[in-house]
Amino acid sequence: VMSTLNRAQRDKIANFQAVTGAPAKLAAEFLKRYSWSLDQAVDIFFTEGPGPSFSQRAASPLAAVDSKKLDSFFRKYKDGDADVDAISSDGIQELCNDLGISTLDPVTLVLSYHCHAQQMGIFTREEFSGGMHRLGCDDVAKLQAKLEELRQALVDRNACKEIYGYTFQFALDQGQRCLPVEMCLEFWKLLLRNHFALLDQWLAFVEQRCKNAISKDTWLMLYDLATQVKPDLSDYDLNGAWPVLIDEFVESVKTSAAGSAVEQRPGPPSLVAAMAPGDEQRRGAPLAHVRIARSALS
């Protein structure tokens, strides 16, 4: 198939793969479906899910789902307003209580991903029912039994990349193109702890240096930095197409490391004796704890 494509199309497939981690065949399918619009294909990939990947691996196609039980499952948590055919924030809180998890548990993001939820704090009937069908769950006990399997997605590098990419779109308010820094900080803590050796340095750097919202490009490329570049950043390509904020972070880490190496070299005795304790410049004040105005789901 690749041999029949022109150079521009092959480049788009490579770019799609770099951002999504999808295999070449799936990348070509998405791009063809959306007339080779790279931005549109990537957006749909993360908002609707990649299809036969983590979603299918976690699904239970052979598990029978009882439609009546599933309807009762949904109605148990449905919004009290008769005009709202959805589970809203109160219902989500109750569902999480029955599952024995916090609404801040990152597994809630995995659940939202399987439901293809479009908006934080709400599951429409279609989203919830579709997600439960995919997972083979028609009551709270079955969903609770599925949680550990869903949680493994946060540990698996490829599966987590799908959840991570989905989360950006999921958290956006209508009309937004970028996420507030405060929300990103909290989501990074939830999603990147198992994958990014420099997470604490990144959080402190962003909190100190970034006053604006985070773009999708920076959000997605950070996962590549976390999972494809060595923790000492020795193989980071400064000439690569990295966002400016990530370039500045890498420069900051390397400068700090070089400064530490210089400070550790023994100096002349008179100079060392003349240094008063605490004279050294201190970098990186403790990161203040900022809670998201909204939890991962409510």
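For the structure, see preceding data.
Residues numbered from 1 in each chain as written. Predicted model: local features only at pLDDT ≥ 70, side-chain atom pairs only at ≥ 80, totals over all residues. Heavy atoms only, no water.

### Here we look at the nonpolar core
Considering soluble globular proteins, one finds that nonpolar side chains tend to be buried as a cluster. Counting 88 residues, the largest nonpolar core has M132, W188, F196, W202 and L225 as the members making the most contacts within it. Top element by residues in this core is helix 10 (residues 157-171). It accounts for 8 residues. If sequence neighbours within four positions are ignored, M132 has contacts with V65, L70, F73, L111, C115, C137 and L143. (Core = buried A, V, L, I, M, F, W, Y, C linked by side-chain atoms within 4.5 Å. Buried < 20%, exposed > 50% of the residue type's maximum accessible area, 1.4 Å probe, protein only. Helix = DSSP H or I, 4+ residues; strand = E, 2+ residues; numbered from the N terminus. Contact = heavy atoms within 4.5 Å.)

### Some words on the packing of helix 7 (residues 107-115) against helix 8 (residues 125-135)
Running from N to C, helix 7 and helix 8 point in directions that differ by 100°, and their axes come no closer than 7 Å. Judged by the inter-axis angle, helix 7 sits roughly perpendicular to helix 8. Seen from helix 7, the contacting residues are L111, H114 and C115; seen from helix 8, they are E127, F128, G131, M132, R134 and L135. For the contact of helix 7 with helix 8, the residue count by class is 5 nonpolar, 2 polar and 2 charged. (Axes fitted to C-alpha atoms, helices over the stretch in contact; angles between N-to-C directions. Parallel < 35°, antiparallel > 145°, perpendicular 65-115°, else oblique. Nonpolar A, V, L, I, M, F, W, Y, C, P; charged D, E, K, R; others polar.)

### Comments concerning the environment of P231
Here P231 lies in the loop between helix 13 (216-228) and helix 14 (244-264). The exposure class assigned to P231 is exposed, which follows from its relative accessible area of 56%. Along the backbone, P231 and A197 are 34 residues apart, and their C-alpha atoms lie at a distance of 5.9 Å. Not counting chain neighbours up to four residues away, the residues in contact with P231 comprise A197 and L198.

### A few points about the side chain of H195
In this fold, H195 is placed in the loop between helix 11 (181-191) and helix 12 (199-209). With residues near it in sequence (within four places) discarded, H195 still touches L154, V155, D156, R157, C160, Y223, A226 and T227.

### A few points about helix 10
Along its 15 residues, helix 10 runs 21 Å from first to last C-alpha, staying within 8% of the 21 Å computed at 1.5 Å per residue. The element helix 10 is extensively covered by neighbouring structure, given that 13 of its 15 residues are classed as buried. Structurally, the start of helix 10 carries an N-cap: the backbone nitrogen of N158 is 3.1 Å from a side-chain oxygen of D156. (Expected span 1.5 Å × (residues − 1). Polar contact = N/O pair within 3.5 Å; in protein donor to acceptor, adjacent residues only side chain to side chain.)

### Overview of the layout of surface pockets
Roughly 700 Å³ of internal volume is contained in the largest pocket. Surrounding the largest pocket, 23 residues form its lining, V19, D39, K216, D217 and L220 being those nearest its centre. Where the lining of the largest pocket is concerned, the elements lending two or more residues are helix 1 (7-20), helix 3 (38-48), helix 10 and helix 13. Element by element, the count of residues in the lining of the largest pocket is highest for helix 13, at 6 residues. The residue makeup of the lining of the largest pocket, split by class, is 11 nonpolar, 5 polar and 7 charged. (1 Å grid on protein atoms, 1.4 Å probe; cavity = no way out; pocket = protein on both sides within 12 Å on 5 of 7 lines; lining within 4 Å. Points joined across faces, edges and corners; volume = space filled by probe spheres on them.)

### So, the pattern of salt bridges
Under the defined criterion, the tally for this structure stands at 14 salt bridges. The residue D85 makes a salt bridge to R125 at a minimum N-O spacing of 2.9 Å. Here R125 lies in helix 8 and D85 lies in the loop between helix 5 (67-77) and strand 1 (86-87), a separation of 40 residues in the sequence. By relative accessible area, which is 38% here, D85 ends up partly exposed. Overall, R125 belongs to the partly exposed group, its relative accessible area being 26%. E149 is the partner of K146 in a salt bridge, and the nearest nitrogen-oxygen pair spans 3.6 Å. (Salt bridge = Lys/Arg side-chain N within 4 Å of Asp/Glu carboxyl O.)

### Thoughts on the side chain of D138
Position of D138 among the secondary structure elements: in the loop between helix 8 and helix 9 (140-151). One polar contact links the side chain of D138 to the main-chain amide nitrogen of D66, over a distance of 3.0 Å. Separated by 3.1 Å, the side chains of D138 and K142 make a polar contact.

### A word on unusual backbone geometry
One non-glycine residue, W36, lies in positive phi territory at about 65°. Relative to the elements of secondary structure, W36 occurs in the loop between helix 2 (24-33) and helix 3. Residues other than glycine seldom take positive phi values, yet L233 does so here, at roughly 65°. Among the secondary structure elements, L233 is positioned in the loop between helix 13 and helix 14. Given the relative accessible area of 1%, L233 is considered buried.

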